[in-house]
Each structure stands twice: as structure tokens, then as C-alpha cells.
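# Survey of secondary and tertiary structure
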Amino acid sequence: MMKKINRILENEEGSALIIVAILMIVFIGFVALVVDAGLLYLNKFQITNATDSAALAAVQELPHNPYRAVEVGKSFGEKNGLHESTILIDIINNNHSVKVTTKRRVEFLFAKVLGFSTGQVEAVAIADVAPIVGLRGAVPLGVEDYDFTFGHQYTLKVGAGDGDTGWFGALALSKPGARIYEDNLTYGFDGVIRVGDILDVETGNMSNPTKRAIDYRIAQCNHIPYCTSDNFDPNCQRLLKVPVIEFKSHRQVEVLGFAIFLVDEVKGQGNESIITGKFIKTTISGEIDINGKDYGLYGTKLSY
């Protein structure tokens, strides 16, 4: 009788060992799934952020400097932890988009027990550049549609009214009046102006408000070296975001697009008040449209 009992106990112990062994394998599988899947997710997150940053940095150079865009994209990718050999950058859509692709091999920690030593994660980012069609911070000036030349100086506000209209180049972005005009010229209009908006013109010369506003902006430019059309601080207060307009009636204009000028000076005495600035090309924050009219002012966004 005792021999039979011992045989039964031995069989049960053997079964228990088998069950424990199976459970250990299952447990290790769950650990591998949790830890190594988390490791894959972490690396995917890291290279996705790095790829997005590289694309957004590179697209700032488009559409005019595609070769520089590739250099900048690779530089930003490396600074954010990507290996140079894994970064692939393509300039697409007629120099208006940049596509950044990368991948990374991930060494597993626990899945090796199950026969899986490595995994791979990939990331793709596409960033677009297009003309600005809506923005905040516009100044209450308007320039008529023209084929502007980079670096050339243009008159943004005249000292004498324009023919029969009596227009000096000023716009009423919200309400008319010298105080509102000066505030918007000093700090930029806080609301959003968009292509297609109909704006009223300001018919007064407003010499003193103009001089105070532009003198204030020029005084804020304490950058070293001093800002020029070839080399400027992107946040310089001398940069004026100006609506490009077309007259729809004697007192109203339609916004066709936006250009940006680096203001040089405000000159004139008494009722004379003339603003001049150099036309530049740059990218800023704002609403964009690939079909918008190109006046050298662009915005960027991630599209993928």
C-alpha cells in the first residue's frame, strides 16, 4: 500500500514540475512582450519626434535652397539622436515639401529567450512650405500687387495722397482712427487677416503716429550684427508683415496675399511721412495654402 502511495506522489511531483516549467515559459513570454514591446514603443516615439523635427527644420530652407534643406535636415536628425546613415531626405512637390525617413534597430532584452534578438522601428515625416494666406500681427499698411525683388527698397507709405483717392498707404485693420492705427503699426494687429478679406483704407496721413510707431520698432533692433535683408533676426521688430492689396472701390481693398519688409526708416517733416523697407523672403507662423499667391512669405506644417 505504501509503495502505491509513494508512486502516486512521485507522479504528482513530476506533473507539478512540468506545469511549473510551462508556467515559467509563459511568464517569460509575457515579460518579453511587455518589456520589449515597451522598448520598441519608446524607440518609435524617439525617432518619430526626431524625424518630425528634422523635417520641420529642413523645410524652412524651401523652396529656394533645396540642397541646404537636406543639410539642415540631416544635422537636426543627428542632434536628436538619429544615426546619419539611417537618415534619408527627399525634396518633393517641386521644392515645396521635404520627406524624412529613418529607421532604428532595437536590441531585445527578454525576447532573446524565445528566439527573437532584435526588432526594427521606422518613422516617416513630410513637411510642406506654402505661401501665407492668413496671419496675426499684420501692420495697417498696404502695398499693391507687384513682382517684388529681393533686397530692393520699396515705399510702404507715401507722404502725399495717391491721386484722386487721397490714400497714403494706410489701412484700417479693425476700426478707423489714428490711435488704433498707431497701436496696430507699433505692435501688429492682434486679429487674423486672411486672403480675400475686404479692408477699409485710412485716408489721413497721420504723420506723428506713423513716426512714433516706426521709431519704436527700429529702436527694438539691437541685434549684433545689425539686421539686414541678408541676415536678420526672425523676431526683429523691424520686420513688417504687410498685406498685398487690390482696390475694389474708392475706399476698400481686397487682400491678395502677404509680403514682409525690413523697415529702414520713416522720414519727412510735418504732414510728410514716408515709410521705406527692403523686401525679404522668409518663413513665419500662419495659415498656408499651396495654391496661395507667392509674395515670398511662407509658412510650414507637418502634413504626414
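Since this is a predicted model, take the numbers as computed values, not measurements. (Residues numbered from 1 in each chain as written. Predicted model: local features only at pLDDT ≥ 70, side-chain atom pairs only at ≥ 80, totals over all residues. Heavy atoms only, no water.)

This part takes up the nonpolar core. Ranked by internal contacts, the top residues of the largest apolar core, which has 26 residues, are Leu171 and Ile193. Those elements giving two or more residues to this core turn out to be strand 3 (118–136), strand 8 (198–202), strand 9 (239–247) and strand 10 (252–267). Of all the elements, strand 10 adds the most residues to this core, at five residues. Not counting residues within four places of it along the chain, the set of residues in contact with Ile193 comprises Val133, Gly134, Leu135, Ala138, Leu173, Leu199, Val255 and Phe258. In terms of nonpolar packing, the next biggest core, distinct from the first, is built from 22 residues, Tyr154, Met206, Val244 and Tyr295 among them. (Core = buried A, V, L, I, M, F, W, Y, C linked by side-chain atoms within 4.5 Å. Buried < 20%, exposed > 50% of the residue type's maximum accessible area, 1.4 Å probe, protein only. Helix = DSSP H or I, 4+ residues; strand = E, 2+ residues; numbered from the N terminus. Contact = heavy atoms within 4.5 Å.)

With that settled, the discussion passes to the packing of aromatic side chains. According to the stated counting rule, one finds nine aromatic pairs in the structure shown. Geometrically, the ring pair formed by Phe148 and Phe261 is edge-to-face, given 5.6 Å between the ring centres and 85° between the ring planes. With Phe148 in the loop between strand 4 (143–144) and strand 5 (153–157) and Phe261 in strand 10, this pair connects stretches of sequence that are 113 residues apart. Assessed through its relative accessible area of 12%, Phe148 is described here as buried. Through a chain of ring-to-ring contacts, the aromatic side chains of Tyr146, Phe148, Tyr154, Phe261, Phe279 and Tyr295 assemble into a single cluster. Of note, Lys79 hangs over the ring of Phe76, and the distance from its end group to the ring centre comes to 5.7 Å. (Phe/Tyr/Trp six-rings, centres within 6.5 Å; stacked < 30°, edge-to-face > 60°. Lys NZ or Arg CZ within 6 Å of the ring centre and 35° of its normal.)

By secondary structure assignment, the location of His96 is in the loop between strand 1 (88–92) and strand 2 (97–107). Taking the relative accessible area as the measure of exposure, His96 reaches 19% and is therefore buried. Every residue in contact with His96, bar those within four places of it in the chain, is listed here: Leu62, Pro63, Ala127, Asp128, Val129 and Ile290.

Another aspect to go through is the pairing of strand 14 (residues 297–302). Within a regular strand, side chains alternate between the sheet's two faces. As judged from the five bridges shared by strand 3 and strand 14, these two strands associate in the antiparallel manner. The residue of strand 14 that forms the bridge with Ala130 is Gly299. Where strand 12 (residues 282–283) lies against strand 14, two bridges are found, and the strand directions are parallel. Opposite Thr283, over in strand 14, you have Tyr298 as the bridge partner. (Pairing = 2+ DSSP bridges.)

Under the defined criterion, the tally for this structure stands at nine salt bridges. For the salt bridge of Lys211 with Asp215, the shortest nitrogen-to-oxygen distance reads 3.1 Å. Taken together, the residues span about one helical turn, with Lys211 and Asp215 both in helix 4 (residues 207–219) at a distance of four residues. Among the residues examined, Asp215 registers a relative accessible area of 34% and is labelled partly exposed. For Glu246, the salt bridge is made with Lys248, and the minimal N-O distance between the two is 3.9 Å. You can call Glu246 partly exposed: its relative accessible area is 38%. Judged by its relative accessible area of 48%, Lys248 is partly exposed. Three or more residues are tied together by salt bridges with common partners; here these are Glu246, Lys248 and Glu254. (Salt bridge = Lys/Arg side-chain N within 4 Å of Asp/Glu carboxyl O.)

As a further point, take the side chain of Thr210. Structurally, the position occupied by Thr210 is in helix 4. Thr210 sits in the buried class, given a relative accessible area of 0%. A polar atom in the side chain of Thr210 sits 2.7 Å from the backbone oxygen of Met206. Not counting chain neighbours up to four residues away, the residues in contact with Thr210 comprise Lys157, Tyr181, Leu185, Asn205, Val266, Ser273 and Ile275. (Polar contact = N/O pair within 3.5 Å; in protein donor to acceptor, adjacent residues only side chain to side chain.)

Running from amino to carboxyl end, helix 3 (residues 178–187) crosses helix 4 at an angle of 15°, the nearest separation of the two axes being 8 Å. The angle between helix 3 and helix 4 falls in the class roughly parallel. In this structure, helix 3 meets helix 4 at a crossing whose hand is right-handed. Side by side, helix 3 and helix 4 meet where Ala178, Tyr181, Glu182, Asn184, Leu185, Thr186 and Tyr187 of the first sit next to Pro209, Thr210, Arg212, Ala213, Ile214, Tyr216 and Arg217 of the second. Grouping the constituent residues of the contact of helix 3 with helix 4 by class yields eight nonpolar, three polar and three charged. (Axes fitted to C-alpha atoms, helices over the stretch in contact; angles between N-to-C directions. Parallel < 35°, antiparallel > 145°, perpendicular 65-115°, else oblique. Left-handed = near helix turned anticlockwise from the far one by under 90°. Nonpolar A, V, L, I, M, F, W, Y, C, P; charged D, E, K, R; others polar.)

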